[in-house]
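# Architecture at a glance
Each chain, letter by letter, is given below.
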Protein chains: 2
Amino acid sequence: MTKELVFGHKNPDTDAIAAAIALAYLEKQDGYDTEAVALGPVNPETKFVLDYFGVKVPRIVENAEPETDKVMLVDHNEPQQSINDIANLTVTHVVDHHRINGFNTAKPLYFRAAPYGCCSTVITQMYSEEGIDIPKEIAGLMMSAIISDTLLLKSPTTTDVDRDALQALADIAGVDNIEDYGVKMLKAGTNVDAKSDKELIDSDAKSFTLGGKNVRIDQINVVDLEDINKRLADIKTAMVEEAKAENYDLFLVLVTNVLTSNSEMIVVGEPKAIVETAFANKLNDDDVMSLPGVVSRKKQVVPPLTEQLEAEK
Amino acid sequence: MTKELVFGHKNPDTDAIAAAIALAYLEKQDGYDTEAVALGPVNPETKFVLDYFGVKVPRIVENAEPETDKVMLVDHNEPQQSINDIANLTVTHVVDHHRINGFNTAKPLYFRAAPYGCCSTVITQMYSEEGIDIPKEIAGLMMSAIISDTLLLKSPTTTDVDRDALQALADIAGVDNIEDYGVKMLKAGTNVDAKSDKELIDSDAKSFTLGGKNVRIDQINVVDLEDINKRLADIKTAMVEEAKAENYDLFLVLVTNVLTSNSEMIVVGEPKAIVETAFANKLNDDDVMSLPGVVSRKKQVVPPLTEQLEAEK
């Protein structure tokens, strides 16, 4: 049996890490020789979660080929969000909750996606279908992933399946007060003062090809938007430099207040006019757009941008 | 609730029809307003199956937009094998057992694929997971689809999951002798004398983009290869004409003896040399290659061709 690496997207968030660990365990029960790994260092929120449930931080890998040519992807399918040598590998399993884009295979594989708020919700369903007990600490990780992805069930991506899974996982993990644990966890991930400008704009950033444009979208969670606004000029300078170095046409940073569920979006690059059209909203003189009620990059940012950029292509 | 059309690929085979009917019924139990339709007339094998189990032939549609903008795909995902106006529609569900290629969405959806011999096997698993009873006649259709796709479990695409599903479905459908029913069904689909050359090369044909080439691959099931060889010249003429009219670079017709599990492949177009390399085999003077033991287009024809055409791109 060839060893298979299991991982989430680059710039891993709590779901990318939790889903990889949960799927690796599940597939091991089915006889696969799996190891959950990460495509980068874990963020402070995920570190809090792993410490809380006593789980080791996964090993970081940059390429799979030195070890294996078989991999399982969780929480992503787009090649540019995946491991560097993805083009040379055979993907045997995918579990995801995002749009499907640019994912092509030469052979049939296991592919499981659902439009839920969190990839760990899909995996929770798979455990249930296969009748496999979820270990307590893995339930804790998946529970945390759902809280993280849905911002305590407040994101519009949240479904009833997520709600049910969260409660079931909390019961297994022995977490009595989900709200209390969740706020602690989200706050652990929002200490932006400790991060450099470069770290802030990179830590949860994903790349997309939308209407032929290279678009980079980062999301920063805060408990007070002022934490970002007070250093806006420096952050924009860092964004301009990185956009130039990495050839991004557009660089968007969504700053989300996890307590109020409102966002501001910083926009660098062009076409800015299309961004304004996409959100039916105007940028202020600092290139910042106010987006009340917007918390989901996947559901509230990528789709309108895709539509507008495709239309103008 | 918007009505949703559920369909398999163009040139529907028994699995495309059975899987559409089975998924439409399953999703109806989940509250969706579904209708199973077909992207073309059913073939003689499928007609035999529908008659045997007393199920009406599905309505044929060419475009969805006059009725709805939401669809569910079974037994395919590649856009060129789908409904004509697929680019304008929202795909909400896919259930498949093929490679994933060229399938892109703007939003998350339900996508379920597994490397089994038959799409109906995946759907059988979904019924079981959701605890929904399979109606007798739908079990009969799905059982027939597994027999058809795996040539009575003899194709190398066959998995243990297919074997188990076939037996379970036969029990529900009340078919005691699977082998006996299967041979009758396969023979019903192999009356090639009744078909024109044009019908023969079209009836189970699928289009692929492999290494930038437009490749058309048809499969004809027979109980005696001589039924095709005696009219080879005419069939090749029809292939050349159609390749020219439809801009196919390569047109392959796989002629499979369903009783012996051997095939011959007729090759029209270029690059023929790459086809020979792909199968480590030579074409004879009639442009026919003998392929002993080859019965699966998906597992034994598309992958080696893809690899070779991509390598030579």
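Residues numbered from 1 in each chain as written. Chains lettered and ligands numbered in written order. Predicted model: local features only at pLDDT ≥ 70, side-chain atom pairs only at ≥ 80, totals over all residues. Heavy atoms only, no water.

Taking an unreviewed UniProt entry as the reference, chain A is identified by name as inorganic diphosphatase belonging to Fructilactobacillus sanfranciscensis. Its UniProt record gives chain A the following Catalytic activity (unreviewed entry) comment, quoted word for word: "diphosphate + H2O = 2 phosphate + H(+)". In its Cofactor (unreviewed entry) section, the UniProt entry covering chain A states "Mn(2+)". (UniProt positions renumbered as here; feature names shortened; annotations may be inferred.)

## A look at the layout of surface pockets
Approximately 1100 Å³ is the volume attributed to the largest pocket. Around the largest pocket, the lining is made up of 41 residues, and of these T90(A), V91(A), T105(A), A106(A) and K107(A) lie nearest the centre. Of the residues forming the lining of the largest pocket, the biggest block, seven residues, is contributed by helix α11 (residues 297-311) of chain B. Its residues placed into classes, the lining of the largest pocket shows 17 nonpolar, 14 polar and 10 charged. Roughly 910 Å³ of volume is contained in the second largest pocket. Along the wall of the second largest pocket there are 30 residues; nearest its centre are L89(B), T90(B), V91(B), T105(B) and A106(B). (1 Å grid on protein atoms, 1.4 Å probe; cavity = no way out; pocket = protein on both sides within 12 Å on 5 of 7 lines; lining within 4 Å. Points joined across faces, edges and corners; volume = space filled by probe spheres on them. Helix = DSSP H or I, 4+ residues; strand = E, 2+ residues; numbered from the N terminus. Nonpolar A, V, L, I, M, F, W, Y, C, P; charged D, E, K, R; others polar.)

## Some details on the relation of the copies chain B and chain A
Of the two same-sequence chains, chain B is brought onto chain A (RMSD 0.1 Å, axial shift 0.1 Å) by a rotation of 180°. Here the symmetry operator amounts to a two-fold rotation axis. Relative to the rotation axis, the closest C-alpha in chain B is found at R112(B), a distance of 2.4 Å. When the interface residues of chain B are mapped onto chain A, 100% of them are again interface residues, pointing to one common binding face. (Least-squares fit on C-alpha atoms with pLDDT ≥ 70 in both. Contact = heavy atoms within 4.5 Å.)

## Brief notes about the sheet that holds strand β7 (residues 213-222) of chain B
Residue and element names in this part refer to chain B. Read from one edge to the other, the open sheet built from five strands follows the order β6-β7-β8-β9-β10, with strand pairing classed as mixed. Two strands in the sheet have a free side with no partner beyond their single neighbour: β6 (206-210) and β10 (288-291). Ignoring strand direction, the axes of neighbouring strands in this sheet form an average angle of 25°. Two strands pair when backbone bridges link them, and strand β8 (residues 250-257) and strand β9 (residues 262-269) are joined in this way by eight bridges, in the antiparallel orientation. Among the inter-strand pairings, V255 is bridged to a residue of β9, identified as E264. (Pairing = 2+ DSSP bridges. Axes fitted to C-alpha atoms, helices over the stretch in contact; angles between N-to-C directions.)

## Section: the confidence of the model for chain A
A residue-level look at chain A finds 100% of positions with pLDDT of 70 or above and a mean pLDDT of 95. Interface predicted TM-score (ipTM) for the complex: 0.84; the corresponding pTM is 0.85. (pLDDT = per-residue confidence, 0-100.)

## Observations regarding the packing of helix α4 (residues 136-150) of chain B against helix α6 (residues 178-188) of chain B
Residue and element names in this part refer to chain B. Orientation of α4 relative to α6, taken along the N-to-C sense of each, is 70°, at an axis distance of 10 Å. Relative to α6, α4 is oriented roughly perpendicular. Within the contact between the two elements, α4 uses M143, S144, I147 and S148 and α6 uses I178, Y181, G182, M185 and L186. Looking at side-chain class alone, the contact of α4 with α6 contains six nonpolar, three polar and no charged residues. (Parallel < 35°, antiparallel > 145°, perpendicular 65-115°, else oblique.)

## With respect to the interface of chain B and chain A
Contacts between the two partners involve 23 residues from chain B and, on the opposite side, 23 residues from chain A. Both sides of the chain B and chain A interface together cover about 2100 Å² of buried area, and 60% of this is carbon and sulfur. Connecting chain B to chain A are zero salt bridges. Remark: the boundary between chain B and chain A carries six residue pairs in polar contact (both at pLDDT 80 or more). When contributions to the side of chain B that touches chain A are tallied by element, the ones reaching two or more residues are β5 (110-113) and α11 of chain B. The dominant element in the side of chain B that touches chain A, judged by the number of residues it contributes, is β5(B), at four residues. By the bridge criterion, three bridges tie strand β5 (residues 110-113) of chain A to β5(B) in an arrangement that is antiparallel. Residue A113(A) lies in a different strand from β5(B), and its bridge partner there is F111(B). (Buried area = accessible area lost by both parts, 1.4 Å probe. Salt bridge = Lys/Arg side-chain N within 4 Å of Asp/Glu carboxyl O. Polar contact = N/O pair within 3.5 Å; in protein donor to acceptor, adjacent residues only side chain to side chain.)

## Quick word on the domain arrangement of chain A
All names here are of chain A. Taken domain by domain, chain A consists of domain 1 (4-187) and domain 2 (192-311). Distance from the C-alpha centre of domain 1 to the C-alpha centre of domain 2: 25 Å. Counting from both sides, the interface comprises 18 residues of domain 1 and, opposite them, 24 residues of domain 2. Here domain 1 packs against domain 2, burying approximately 1700 Å² in sum over the two surfaces, 54% of which is carbon and sulfur. Of all residues in domain 1, N11, R99 and L151 give up the largest surface area on contact with domain 2, accounting jointly for 31% of the area buried on that side. Counting across the domain 1 and domain 2 interface gives zero salt bridges. There are four residue pairs in polar contact (both at pLDDT 80 or more) connecting domain 1 and domain 2. Taken together, the residues of the side of domain 1 that touches domain 2 sort by class into five nonpolar, eight polar and five charged. (Domains from an automatic or database assignment.)

## A short note on the pattern of salt bridges
This structure, assessed with the given rule, holds 34 salt bridges over all chains. Of the charged contacts, one joins D197(A) and R231(A) as a salt bridge, the two residues approaching to 3.0 Å between their closest N and O atoms. Taken together, the residues D197(A) in helix α7 (residues 197-202) and R231(A) in the loop between α8 (226-229) and α9 (232-246) connect sequence positions 34 residues apart. R231(A) gets classed as buried once you look at its relative accessible area, which sits at 15%. Ionic pairing is found between K3(B) and E35(B), a salt bridge with its closest N-O pair at 2.9 Å. Of the two residues, K3(B) is situated in strand β1 (residues 3-7) and E35(B) in strand β2 (residues 33-36); the sequence distance between them amounts to 32 residues. Look at E35(B) and you get partly exposed, because its relative accessible area is 22%. Three or more residues are tied together by salt bridges with common partners; here these are K3(A), E35(A), R59(A) and E67(A). (Buried < 20%, exposed > 50% of the residue type's maximum accessible area, 1.4 Å probe, protein only.)

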